[in-house]
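# Summary of the model geometry
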Amino acid sequence: MDLSYTPEEEDFRARLREWLARTLPTLPPKPPAADWPGRRAYDMGWQRLLYDAGYADVHWDASPTRRLIFLEETEKAGAPYVGAGFVGLLHAGPTVAAEGTPGQRARWLPPILRGEEVWCQGFSEPEAGSDLASLRTRAWRDGDDYVVSGSKIWTSHAEVADWCELLVRTGPAAPKHHGITWLALPMDAPGVTVRPLRTLAGSDEFAEVFLDEVRVPAANRVGAENDGWRVTMVTLSFERGTAFAGEVVACRRVLGELAREARRNGRWDDPVLRRRLGRLDAEFRALWRLTQWNVSAAETSGGVPGVGGSVFKLSYSQARQALYDTAADVLGADSLDLDRPWVLDRLSSLSYTVAAGTSEIQRTIVAERILGLPRGR
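Description of the structure in this document. Each residue is numbered by its place in its chain's sequence as written, counting from 1. Totals for whole chains, interfaces and linings use every residue, but because this is a predicted model, local features are given only for residues with pLDDT of at least 70 and side-chain atom pairs only at 80 or more, for both listing and counting. Side-chain descriptors were evaluated using all non-hydrogen atoms of the structure, hydrogens and water having been removed beforehand.

### Things to note about the overall build of the protein
The line we're drawing: Where helices and strands are cited, they refer to DSSP runs of H or I of at least four residues and of E of at least two residues respectively, numbered from the N terminus. Only protein chains enter the area calculation, which uses a 1.4 Å probe; residues under 20% of their type maximum are buried, those over 50% are exposed, and those in between are partly exposed. The method behind every accessible area is Shrake-Rupley, applied with a 1.4 Å probe, and residues are considered shielded solely by the protein chains displayed.
Broken down by element type, the protein carries 11 helices and eight strands. The buried share of the protein, taken over its 377 residues, is 51%. Here the protein has roughly 17,300 Å² of accessible surface; of this, 53% comes from carbon and sulfur atoms.

### Here we look at the side chain of His 157
Inclusion rule: Two residues form a contact once any of their heavy atoms are found within 4.5 Å.
Tracing the backbone shows His 157 in the loop between β3 (145-152) and β4 (163-169). Aside from chain neighbours lying at most four places away, what touches His 157 is Trp 36, Gly 83, Ala 84, Phe 86, Cys 120 and Glu 205.

### Quick notes on the packing of aromatic side chains
What characterises a pair of aromatic rings is the spacing of the ring centres plus the angle enclosed by the ring planes. Which entries qualify depends on this criterion: For this analysis, a ring pair means two rings from Phe, Tyr or Trp (six-membered ring only for Trp) whose centres lie within 6.5 Å, classed as stacked if their planes differ by under 30 degrees, edge-to-face if by over 60, and tilted for the remaining angles. Look at NZ for Lys and CZ for Arg. If either is within 6 Å of the ring centre and within 35 degrees of the ring normal, a charge sits over the ring.
Enumeration according to the criterion identifies nine aromatic pairs in this entry. With 5.4 Å between their ring centres and 55 degrees between their planes, Trp 19 and Tyr 55 make a pair best called tilted. One end of the pair, Trp 19, is in helix α1 (residues 7-23); the other, Tyr 55, is in the loop between α2 (36-53) and α3 (64-76), and 36 residues separate them in sequence. As far as burial versus exposure is concerned, Trp 19 and Tyr 55 are alike and both buried. Grouping aromatic residues by their ring pairs yields a cluster made of Phe 12, Trp 19, Trp 46 and Tyr 55. The ring centre of Tyr 5 lies 4.8 Å from the NZ or CZ of Arg 13, which sits over that ring.

### What to know about the pattern of salt bridges
Note the threshold: Here, a salt bridge means any Lys or Arg side-chain nitrogen found within 4 Å of an Asp or Glu carboxyl oxygen.
Throughout the structure, instances matching the rule amount to 27 salt bridges. In this structure, Glu 116 and Arg 48 form a salt bridge, with 3.9 Å as the shortest nitrogen-oxygen distance. Residue Glu 116 is found in the loop between α5 (102-113) and β1 (119-122), and its partner Arg 48 is found in helix α2; the two are separated by 68 residues along the sequence. Given the relative accessible area of 33%, Arg 48 is considered partly exposed. Across the pair Arg 215 and Asp 142 runs a salt bridge whose closest N-O atoms are separated by 2.8 Å. Linking Arg 215 in strand β7 (residues 206-217) with Asp 142 in strand β2 (residues 138-142), this pair joins segments that are 73 residues apart in sequence. The class of Arg 215 is partly exposed, set by a relative accessible area of 40%.

### Some words on the environment of Phe 284
Among the structural elements, Phe 284 can be located in helix α8 (residues 271-299). Placed 29 residues apart in sequence, Phe 284 and Leu 255 show a C-alpha to C-alpha distance of 9.3 Å.

### What about the packing of α3 against helix α7 (residues 245-265)?
Packed helices, taken two at a time, are described by the angle between their axes plus the distance between the axes. To be explicit about the condition: For helices, the fitted line uses only the C-alpha atoms of the stretch in contact; every axis is such a line through C-alpha atoms, and the angle between N-to-C directions lies from 0 to 180 degrees. We call a crossing left-handed when the near helix sits turned anticlockwise from the far one by less than a right angle, and right-handed when that turn is clockwise. Charged means Asp, Glu, Lys or Arg here, nonpolar means Ala, Val, Leu, Ile, Met, Phe, Trp, Tyr, Cys or Pro, and polar covers whatever is left, Gly included.
Where α3 meets α7, the axes come as close as 8 Å, and the angle between the chain directions of the two elements is 35 degrees. By crossing handedness, the relation of α3 to α7 is classed as right-handed. Between α3, through Leu 68, Leu 71, Glu 72, Glu 75 and Lys 76, and α7, the contact on the second element is made entirely by Ala 245, Gly 246, Val 249, Ala 250 and Arg 253. Across the contact of α3 with α7, the residue classes tally to five nonpolar, one polar and four charged.

### Points about the state of the cysteines
Operational definition: When two cysteine sulfur atoms are found within 2.5 Å, that pair is recorded as a disulfide.
For the structure on display, the rule yields zero disulfides. For the unlinked cysteine Cys 120, the closest cysteine sulfur is that of Cys 164, found at 3.7 Å.

### Comments concerning the packing of helix α4 (residues 86-99) against α5
Defined as follows: Each angle gets one of four labels, with under 35 degrees taken as roughly parallel, over 145 as roughly antiparallel, 65 to 115 as roughly perpendicular, and the rest as oblique.
Contact geometry of α4 with α5 gives a least axis separation of 9 Å together with a crossing angle of 160 degrees. Relative to α5, the element α4 lies roughly antiparallel. Of the two possible hands of crossing, α4 and α5 adopt the one that is left-handed. From α4, Gly 88, Leu 89, Gly 93, Val 96 and Ala 97 reach across to α5, where they touch Gln 104, Arg 105, Trp 108, Leu 109 and Ile 112. Taken together, the residues that form the contact of α4 with α5 break down as six nonpolar, three polar and one charged.

### Some points on α5
Defined as follows: How far a helix is expected to stretch is found by multiplying one less than its residue total by 1.5 Å.
End to end, α5 covers 16 Å across 12 residues, agreeing with the expected 16 Å (1.5 Å per residue, within 8%). Turning to α5, its buried residues are Gln 104, Trp 108, Leu 109, Pro 111, Ile 112 and Leu 113. Backbone geometry just downstream of α5 places Gly 115 in the positive-phi region, at approximately 75 degrees.

### Regarding unusual backbone geometry
The backbone of Trp 154 shows a phi angle near 60 degrees, a positive value even though the residue is not glycine. Of note, Trp 154 is situated in the loop between β3 and β4. With a phi close to 50 degrees, Glu 213 is a non-glycine residue in the positive phi region. A residue is classified by how much of its surface remains accessible, and Glu 213, at 51% relative accessible area, is exposed.

### What about α7?
Its 21 residues place the ends of α7 31 Å apart at the C-alpha level, agreeing with the 30 Å of an ideal helix rising 1.5 Å per residue. One or two steps after α7, the chain reaches Gly 266, where phi turns positive at roughly 90 degrees.

The values reported here are purely geometric and, on their own, carry no functional implication.
Here it is in structure tokens:
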């Protein structure tokens, strides 16, 4: 596949760089990490700037290659991350764009693009994490509504969200992969309770969500009833295919910072450490080329990333953990100081072999769908 950029794409890159250089110095200071209303306002303000400049639609209306260029250049420039807009821009929005009706796209996509509405993700449950298809949150049809009862966990940004991409079981007698439906849940609906969770790294961007006979209009169903697993695979393909692209750029930047810190504090004299840094540099360069390959493949499949995203996710999550383990070796005793750079990132990196599908699940996908190996018993 052609991994080079066309003249039109390079022109898009140049114009984006110019806009970032002009706009980033005008941004207000970031709010404290614990100020979620403030963080929502900051993140949505940045999204509005992107919208006004014509860059807000890169996550689903632009080609995968332009999306990749956007993620690369914004990360290199130190632009704000999508933050509270993460689920809407990188998961729910692309899914609605690919699978929603014209009316659903008209209702939900413009407010996401303008930075007016925030989404969260209601997939995992206390008994359905790695085995997502074992979810038990139930929904039954009552007239024009679904009535939903159950609970979700690790629901990103639920405390400031307007909507939730919600997986529910509508076919309790069907095989577990065939009885699931994808709904858009209004978070202000009666019966929704949000309880924030604090992670090992001290952050609280996740929450438990409890649903007590919550009524969701049937018009909020994306895809057919009981076809939610297929729709979910579209969501996860975006999550594993391009959502982490900016993070690869960030990790390559951190790698350079680690090398400079090692030279400063004397750790550079250790040949084992230098070898580890060199290997990580090679791994992240390869991951970037794999990202380009996945994007090139998506160009020929309607913009939806394929199973190559599982190869990327498996490799990236392991490389990220190795990167921040190496950061701890560079810092030495300072790696116990939570105020030092990279320490909290090391703690959060532990979740990457679980988030967006565990490494075990990714290995199964690679074995069955890419290598053609028989299904395990």
